[in-house]
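Chain residues, written in single-letter form:
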Number of protein chains: 2
Amino acid sequence: MKRERLIYLPLGGAGEVGMNAYVYGYGLPGKERLILVDTGVTFPDMDGAPGVDLIMPDLSWLEARADRLEAIFITHAHEDHVGALGHLWPKLRAKVHARKFTAAIARLKMEEAGQPLDAVVTVDPRPARVEAGPFTVQFVPLSHSIPESAALVIDTPAGRVVHSGDFKIDLDPVVGEPFDDAVWREVVKERPVKVLACDSTNVFSLHPGRSESTLAGPLAELISAAPSMFVATTFGSNVARLKTLAEAAVAADRTVCVMGRSMKRMLSVAQETGVLGSFPRTVTPEEAQEIPRRNLMLLVTGSQGERRAAAAALSRGKYLGFELREGDTFLFSSRVIPGNEKDVLRIWNNLSEMGVRIVDDAGGLYHVSGHANRPDLEHVHRLLLPDMLVPMHGEHRHLSEHARVALEGGIPAAVATNGTMLDLTGESPEVAERIETGRIYLDGSVLIGALDGIVRERIRMALNGHALVTVILDEDDVPMGEPWVELMGLSPTGLGGRPLNESMEADLAAWLERAGRKVLKNDDRMEEDIRRMVRQLAMEEIGKKPEVTVVISRLVAE
Amino acid sequence: MKRERLIYLPLGGAGEVGMNAYVYGYGLPGKERLILVDTGVTFPDMDGAPGVDLIMPDLSWLEARADRLEAIFITHAHEDHVGALGHLWPKLRAKVHARKFTAAIARLKMEEAGQPLDAVVTVDPRPARVEAGPFTVQFVPLSHSIPESAALVIDTPAGRVVHSGDFKIDLDPVVGEPFDDAVWREVVKERPVKVLACDSTNVFSLHPGRSESTLAGPLAELISAAPSMFVATTFGSNVARLKTLAEAAVAADRTVCVMGRSMKRMLSVAQETGVLGSFPRTVTPEEAQEIPRRNLMLLVTGSQGERRAAAAALSRGKYLGFELREGDTFLFSSRVIPGNEKDVLRIWNNLSEMGVRIVDDAGGLYHVSGHANRPDLEHVHRLLLPDMLVPMHGEHRHLSEHARVALEGGIPAAVATNGTMLDLTGESPEVAERIETGRIYLDGSVLIGALDGIVRERIRMALNGHALVTVILDEDDVPMGEPWVELMGLSPTGLGGRPLNESMEADLAAWLERAGRKVLKNDDRMEEDIRRMVRQLAMEEIGKKPEVTVVISRLVAE
């Protein structure tokens, strides 16, 4: 006889850093009632997804079971947790629950995608509860690098689950609530924790994490010592950092000017929702023009080298009336996310050419991470005493190391990457099923599947170039005129400097001349032969095999 | 009256890490006799140069003055110093001078490009001299991460120049000569150093560099403690590291199997030229199959995550009969060059999925850099006491910082990036001229200019997709049949799920219908209008503006 079970199914975020989407379910196998935690994005790059705007988890499995979806919960407002909401919600259509600041950002995502704002419900933190089928969910405030991050305490008939969301142990996070052991002791006392699904991002960082508040001193010193204009960039959503920077600026007799849409938006939402508290007065770029450089601080977006953001724009020359010059200081109050190194270094070198002094995080003086390091994870393991641990939010190496740490501490753990459904009903996590998962691309205004082949075609054209051949035949299958070849992204000249397209046209014309009726009647056959000849000739002449598109036009009598 | 002058002109390697090519000249302005130091490559990436095989400096300036080129010198056999030789030599045709091991690699480069091997001359180290017009050049052995790296002592009528090449201060480099203060004191005593052109790569590393020999102990310990198969990857040209690893393997009762063409080649050239000395016996992959895992070490290429190299292949599954599994250890005895992080992490995660233990350089235990850190650079400044310093081999931020360090030490210095010609005749470096420089791509088998637009077309297709439109007109400029649209790398469906190409064809057909004689007679006008319509419709339907190729065929009466 089948028994009710508690399941966990990551559809994004497990086996990668980004696009978080975790499903929990409870009920008879195949009939579980479901909740979804987070709907995040990943950012594409030229290597994997050129031209793509956003990457999102493929939630097909959940969409096919949307009638069983009780609710969506958003732990916090980072893009990798809420960024896909507007795009994915239409196929899910469940109520979205989040705390005040996060809900405000979630509504902006819904608004941008033309979805109903009232689908997003603002929830108070514990002891407030959300009932969602067999689940009762509480938001427990945690410290992270954005205001109002929350863990979810998820009560089910099979026991209590704690889904950590992203967090660090910070007793003085400057903005928002600290990590509070007492609260967690209460949670555990109320009901023991069966499962801890836990952030794994920093499991390889062996020293205890440092508090956001430790940055105030060094930043104030740096900013007040700067001889001319001071520019600082950090993650736009790190409202606490923005506050620390701005307050240090004011203490150093500087006025603050914020540049960059995402940063301004985060600040204004943080102010509107009351999470920010006080923040120094800021001026517009126009007003800032009038202020002596020595009395100015620009707070700008683009700490990851994003080409369209303010930092990159300033490094290229005049931007919003400002031009950096010798004597200015540019602080990266951030770390470089792997993959962004070249973009960041491009900015550094541009700034170096301008004679600007560049300051990076200097080994932690001017930046701290938002994720719990290994000793802090171990502290949380001991604090929550879960029956089992499910590592999440990390690449395979992070999950696997986190599982190892848990096992060493005597806690059963299992690595489950995207698509691995765990049954958490028993004493330790068991693999219940493997689900097909994948990625969806937002490409312009349409959603396409990562495996649809569309982006693969683009990558192939980028690597190999593209040759187009047009052939026209009359109604008797007789070629009319010569074939025509256009080359895109290929050397126009081949061996001996002869135009490559002309060489191809000559070869194709000669072949058409020789080709029999049988070939000329058969579009597929002609296309295949032409493609092969073009690729072979290109290989001989320029050492590359291009993508080939053949257009065969057959004129019919009117 | 014009006076003879000593000039320095970087055509590659200054303002970037890679494709080193430095020109020195002596004589009347515009009539200087010239030498070229190094002819290196840079490796392309998907962001900047998709599909390109190699990036080389554009030596047009030098090619136009090849009659004044006395000789080419290669400091050492790294790809960024010798990799472009075979491709660039045909337009220079001067004798190439290098020490034995480097010359052997240089000849391989010439051979691959079908150039004459006897253009490469093997030179003994100092006191041997090469006379090249007004220049007398000596090779002074230095320690680096490849055997036989050499600085050039270049005597000119205007004084002595030391061109450092790449180096570190290593008193026990395992393979090759140590850095020897005594030799340099002799050089300085013989004739004071007017100019030091100096490696800047590690100027931001503030601690003294460590010797290659310090790795032997930790590596031996790690390798002997490994419970099953041990795989190590490092830079294939780091022959000293290969030797340390192989000897540690033998001490741990392991047999060594080398995988990867470039590594095998470096080892065999090092053996043939006698620079390697002893090296443990190696076995082929077939022979290695027969050896118990506990007694085996694989030495493999691909420390930078190169997708075709052995490390990546092993991380993907079976390779040359080997499949990694739980209990195996995989060591990255290397650091990740910025830009390669994602490729390396991909391998790590694959290995993590296989249950393989991954060991990285662990903060220096298992890898040391081949470049001089800041304290070592300062040591060399004091040792050589040059009248002036020209920082080279680095991005702008490196050059600029190195110049700052020199100036602080009382040495005049100037930052000269590619194309900045310095006059070194006086007391301090003066900018003499700015030369147009650039990059050449090896694309398949042809050389193309980075600014030719060919690769830009490929990037555009990758970002925007490609739409092809064919229109056929009869001899009276009357459209025959309907226009035909093919899409590559674009969503096949637009708004409402309608096929995008059909929407375009319908719109274009309607437009052709309406278009007057004047338009239909004018190919340029038609092409422009069609392109604009296709881009606009695509923008409306899928939110992207594709690249568009329009082929207009006009049938003429036979």
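Heads up: these notes are all about the structure in this document. These numbers come from a predicted model, not from an experiment.

So, on to the pairing of strand S2 (residues 21-27) of chain B. Residues and elements named next belong to chain B. Burial analysis of S2 places seven of its seven residues in the buried class, which makes it a mostly covered element. By the alternation rule, side chains of S2 split into Ala21, Val23, Gly25 and Gly27 and Tyr22, Tyr24 and Tyr26, which are all buried. Here strand S1 (residues 5-12) runs beside S2; their pairing, made up of seven bridges, is antiparallel. Along S2, the bridge assignment pairs Leu6 with Tyr26. Where S2 meets strand S3 (residues 33-37), five bridges bridge the pair, whose relative direction is antiparallel. Within the sheet, the bridge partner assigned to Tyr24 lies in S3 and is Ile35. In this structure, the hairpin formed by S2 and S3 is closed by a connection of five residues, where Gly30 is found at a positive phi of approximately 85°.

With that settled, the discussion passes to the sheet that holds strand S23 (residues 446-449) of chain B. Paired through backbone hydrogen bonds, the strands of a sheet run either parallel or antiparallel to each other. Residue and element names in this part refer to chain B. The strand order across the open sheet built from three strands is S4-S22-S23, with neighbouring strands paired in antiparallel fashion. Each of the sheet's edge strands pairs with one partner strand only, and the pair in question is strand S4 (54-57) and S23. Averaged over all adjacent pairs, the angle separating strand axes in this sheet is 35°, with direction ignored. Pairing of S4 with strand S22 (residues 439-443) involves four bridges; the strand directions are antiparallel. Its bridge partner being in S22, Pro57 is matched across the sheet by Arg439.

Turning our attention to the packing of helix H15 (residues 500-514) of chain B against helix H17 (residues 523-542) of chain B. The angle between the axes and the distance between the axes are what describe a pair of packed helices. Residues and elements named next belong to chain B. As a packed pair, H15 and H17 sit with axes 10 Å apart at the nearest point and diverge in direction by 140°. In terms of axis orientation, H15 runs oblique to H17. Here H15 runs over H17; the crossing is right-handed. Between H15, through Leu500, Ser503, Met504, Asp507, Leu508, Trp511 and Leu512, and H17, the contact on the second element is made entirely by Met526, Asp529, Ile530, Met533, Val534, Leu537, Ala538, Glu541 and Ile542.

What follows covers the pairing of S22(B). All names here are of chain B. Burial analysis of S22 places four of its five residues in the buried class, which makes it a mostly covered element. The pairing of S22 with S23 spans four bridges and is antiparallel. The residue of S23 that forms the bridge with Tyr441 is Ile448. Here S22 folds back onto S23 in antiparallel fashion, the turn holding two residues, of which Gly444 has a positive phi close to 70°.

Take the interface of chain A and chain B next. Contacts between the two partners involve 57 residues from chain A and, on the opposite side, 57 residues from chain B. The largest share of the area that chain A buries against chain B comes from A:Met46, A:Arg397 and A:Met488, three residues that together contribute 13% of it. The tally of links between chain A and chain B comes to five salt bridges. Note that A:Lys342 and B:Asp45 form a salt bridge whose closest N and O atoms lie 2.7 Å from each other. Listed by contribution, the elements that provide at least two residues to the side of chain A that touches chain B are helix H11 (341-354), helix H13 (396-408), strand S23 (446-449), helix H14 (454-464), strand S24 (466-473), strand S25 (484-488), helix H17 (523-542) and strand S26 (547-554) of chain A. Of the residues forming the side of chain A that touches chain B, the biggest block, eight residues, is contributed by H14(A). Residue composition of the side of chain A that touches chain B, by class: 24 nonpolar, 18 polar and 15 charged.

Cut-offs and rules
- Residues numbered from 1 in each chain as written.
- Chains lettered and ligands numbered in written order.
- Predicted model: local features only at pLDDT ≥ 70, side-chain atom pairs only at ≥ 80, totals over all residues.
- Heavy atoms only, no water.
- Buried < 20%, exposed > 50% of the residue type's maximum accessible area, 1.4 Å probe, protein only.
- Helix = DSSP H or I, 4+ residues; strand = E, 2+ residues; numbered from the N terminus.
- Pairing = 2+ DSSP bridges.
- Axes fitted to C-alpha atoms, helices over the stretch in contact; angles between N-to-C directions.
- Parallel < 35°, antiparallel > 145°, perpendicular 65-115°, else oblique.
- Left-handed = near helix turned anticlockwise from the far one by under 90°.
- Contact = heavy atoms within 4.5 Å.
- Buried area = accessible area lost by both parts, 1.4 Å probe.
- Salt bridge = Lys/Arg side-chain N within 4 Å of Asp/Glu carboxyl O.
- Nonpolar A, V, L, I, M, F, W, Y, C, P; charged D, E, K, R; others polar.

Scope: geometric values only; no functional claims are made or implied.
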